Amino acid sequence: MSVTIVIPTLNSCNTLEKCIKSIKSQSLKPDELIIVDGGSADKTINICKKYNVVFFKCTKGLAAQSNLGIVKSKGEFIAFLDSDCIAEKYWLETLYNSIKSKNIIAVGGRLKETFTEGLSDKWRTQHMNQDWGAKKRIDIPFLFGCNFLCKKWIFNYIGKFCVKYDSNYEDVDFFKRIKDRKLKIMYNPHAECYHLKKDSLNSVMATNYKWQYHAYPLPKNVRNLLLRLTIYNPYKTFRYLIKDILSYNLSLLLYDFFMYFYHCFYDIKKYLFSLSH
């Protein structure tokens, strides 16, 4: 059985080399490593050349990058790993052993945050964690796109990632289609990766907005814009506030309020952009 690892990149030179090294050090060696770059302006391409990986360019967004990796892959299994993650030595072996069952279509691992000291990083860890806990589960709604392994044939059966999700939500949509067909996915926390991201207030709010953008009616008309400004954004803020209060993370409350204003700002910006296009 052959395994291909696909890594989408965009200006990832600060983390990509560590990511590649972690793959080269896997207990189960992948048969192929494909990197699909989204138009980096840094030294990402130089790092790819240094490690002699299979390299392609695609500037149409995250979903399109992943899809190109799928098309070019030769493996019967495809693993996806974000370029700002490093995989623990037994990550791929653990995922592979879990997916051997005929009933399991995809298996995802646990992502642990490396940076948790700064307030922005604490807020990301609290509200944007990419794991489903410390136990194996098959009752999860989706697997996080940052690290999972799946059987390649599934892309021919239900289709690839939807390209309209150019930065986030492509994983939620993909696994929803799998679940709709009553197919099984698994979460195995013993397949561990480490997130190398370090955030500022602006970066964590921008990423959080991208995460939640497609979860509610898009702000492309006045009605939807008003719904987001007056109902959905307050609801999200209230939910975050309650979580932080109940967990005694009172230092994060100010960030929760910031989220409301950031999301409103981005919604208005999206709406104005839609008017001009």
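Scroll up to find the structure.
A few points on the structure. Note on numbering: residues in each chain are counted from 1, in written sequence order. Given that the model is predicted, a residue must reach a pLDDT of at least 70 before its local features are reported, and side-chain atom pairs must reach 80 or more before they are shown or counted; all residues, however, enter totals for whole chains, interfaces and linings. Side-chain measures here rest on the full set of heavy atoms in the structure, leaving out hydrogens and waters.

## Some remarks on the overall build of the chain
Consideration 1: By the criteria applied, helices consist of DSSP H or I runs no shorter than four residues and strands consist of E runs no shorter than two, each listed in order from the N terminus. Secondary structure assignment for the chain yields 10 helices and 8 strands.
Consideration 2: In terms of C-alpha radius of gyration, the chain reaches 19 Å, essentially the compact-globule figure of 19 Å for 277 residues.
Consideration 3: If you line up the chain on its principal axes, its C-alpha atoms span 50 × 45 × 40 Å.
Consideration 4: In this tally, Lys and Arg are treated as positive and Asp and Glu as negative; His is ignored, and so are the chain termini. For this purpose, a charge sits on NZ of Lys, CZ of Arg, CG of Asp or CD of Glu. Across the chain, 42 positive and 25 negative side-chain charges occur, with their mean positions spaced 4 Å apart. Between the two quantities, the radius of gyration covers C-alpha atoms and the globule rule is 2.2 Å times the number of residues to the power 0.38.

## Describing the packing of helix α8 (residues 201-212) against helix α9 (residues 222-246)
Consideration 1: Axes here mean lines fitted to C-alpha atoms, for a helix over just the part in contact, with angles spanning 0 to 180 degrees between N-to-C directions. Two elements in contact, α8 and α9, have axes whose closest approach is 14 Å; the angle formed by their N-to-C orientations is 115°. It follows from the interaxial angle that α8 and α9 lie roughly perpendicular. When the axes of α8 and α9 are compared, the crossing they make is right-handed. On α9, the residues touching Asn208, Tyr209 and Gln212 of α8 are Arg228, Lys236, Arg239 and Tyr240.
Consideration 2: Grouping the amino acids of the contact of α8 with α9 by side-chain chemistry returns 2 nonpolar, 2 polar and 3 charged. The scheme is simple: roughly parallel for angles under 35 degrees, roughly antiparallel for over 145, roughly perpendicular for 65 to 115, oblique for anything else. For any helix crossing, the convention is left-handed if the near helix is rotated counterclockwise from the far helix by under a right angle, and right-handed if that rotation is clockwise. Whether two residues are in contact is decided by their heavy atoms: any pair within 4.5 Å suffices. Polar here means any residue outside two lists: the nonpolar Ala, Val, Leu, Ile, Met, Phe, Trp, Tyr, Cys and Pro, and the charged Asp, Glu, Lys and Arg; Gly therefore counts as polar.

## Some details on a positive patch on the surface
Consideration 1: There is a patch of like positive charges on the surface, built from Lys164, Lys210, Lys220, Lys269 and Lys270.
Consideration 2: Within the fold, lysine 269 resides in helix α10 (residues 253-276).
Consideration 3: Taking relative accessible area as the criterion, lysine 269 reaches 52% and is therefore assigned exposed. Like charges within 9 Å and nonpolar side chains (Val, Leu, Ile, Met, Phe, Trp, Tyr) within 5 Å are joined into patches, using only residues over 30% in relative accessible area that form no salt bridge. Per-residue and other accessible areas follow the Shrake-Rupley method at a 1.4 Å probe size, with only the shown protein chains counted as cover for residues. We define a salt bridge as a side-chain nitrogen of Lys or Arg found within 4 Å of a carboxyl oxygen belonging to Asp or Glu. Here's how the labels work: a residue is buried when its accessible area is under 20% of the maximum for its type, exposed when over 50%, partly exposed in between, all with a 1.4 Å probe on protein chains only.

## Comments concerning α8
Consideration 1: Across its 12 residues, α8 extends 17 Å between first and last C-alpha, which sits within 8% of the 16 Å expected from 1.5 Å per residue.
Consideration 2: Every buried residue of α8 is listed here: Val204, Met205, Thr207, Asn208, Tyr209 and Gln212.
Consideration 3: The inward-facing, buried residues of α8 abut α5 (119-127), α9 and α10. How far a helix is expected to stretch is found by multiplying one less than its residue total by 1.5 Å.

## Here we look at the environment of threonine 230
Consideration 1: Along the chain, threonine 230 falls in helix α9.
Consideration 2: C-alpha separation for the pair threonine 230 and isoleucine 154, spaced 76 residues apart in sequence, amounts to 40 Å.
Consideration 3: Pairs of N or O atoms are called polar contacts if they sit within 3.5 Å, as long as, within protein, a hydrogen donor faces a hydrogen acceptor (for residues adjacent in sequence, only side-chain-to-side-chain pairs). Reaching out from threonine 230, the side chain makes a polar contact with the backbone oxygen of leucine 226 at a distance of 2.6 Å.

## What to know about the nonpolar core
Consideration 1: Note on terminology: a nonpolar core comprises buried Ala, Val, Leu, Ile, Met, Phe, Trp, Tyr and Cys residues joined through side-chain atoms within 4.5 Å. Counting 58 residues, the largest nonpolar core has Ile7, Phe80, Leu81, Trp91, Phe155 and Phe175 as the members making the most contacts within it.
Consideration 2: Those residues in contact with isoleucine 7, other than ones at most four positions away along the chain, are Leu16, Cys19, Ile23, Leu33, Ile34, Ile35, Val36, Leu81, Asp82 and Ser83.
Consideration 3: Met128, Tyr240, Leu252 and Met259 belong to the second-largest nonpolar core, a separate cluster that totals 12 residues.

## Observations concerning the side chain of glutamate 113
Consideration 1: Position of glutamate 113 among the secondary structure elements: in strand β6 (residues 104-113).
Consideration 2: A polar contact is formed between the side chain of glutamate 113 and the side chain of arginine 124, at a distance of 2.8 Å.
Consideration 3: At 3.1 Å, the side chain of glutamate 113 and the side chain of histidine 195 are in polar contact.

## Focus on the packing of aromatic side chains
Consideration 1: Geometry of aromatic contacts follows a simple scheme: Phe, Tyr and Trp rings, the Trp one being its six-membered ring, pair when their centres are within 6.5 Å, and the pair is stacked under 30 degrees between planes, edge-to-face over 60, tilted otherwise. Enumeration over the complete set of coordinates arrives at 23 aromatic pairs.
Consideration 2: Summarising the aromatic geometry, the rings of phenylalanine 142 and phenylalanine 144 are spaced 5.0 Å apart at their centres and angled 70° between planes, so their arrangement reads as edge-to-face. For the pair phenylalanine 142 and phenylalanine 144, one class covers both residues: buried.
Consideration 3: Here the aromatic residues Phe80, Phe148, Phe155, Phe161, Phe174 and Phe175 are joined through ring pairs into a cluster of three or more.
Consideration 4: Geometrically, a charge over a ring is one whose NZ (Lys) or CZ (Arg) sits within 6 Å of the ring centre while staying within 35 degrees of the ring normal. The ring of tyrosine 157 has arginine 181 sitting right over it, with the charged end atom 6.0 Å from the ring centre.
Consideration 5: The aromatic ring of tyrosine 213 is capped on one face by lysine 270, whose charged end is 4.8 Å from the ring centroid.

## Considerations on the environment of glycine 109
Consideration 1: Counting through the fold element by element, glycine 109 comes out in strand β6.
Consideration 2: Residues glycine 109 and phenylalanine 144, spaced 35 residues apart in sequence, show a C-alpha to C-alpha distance of 8.3 Å.

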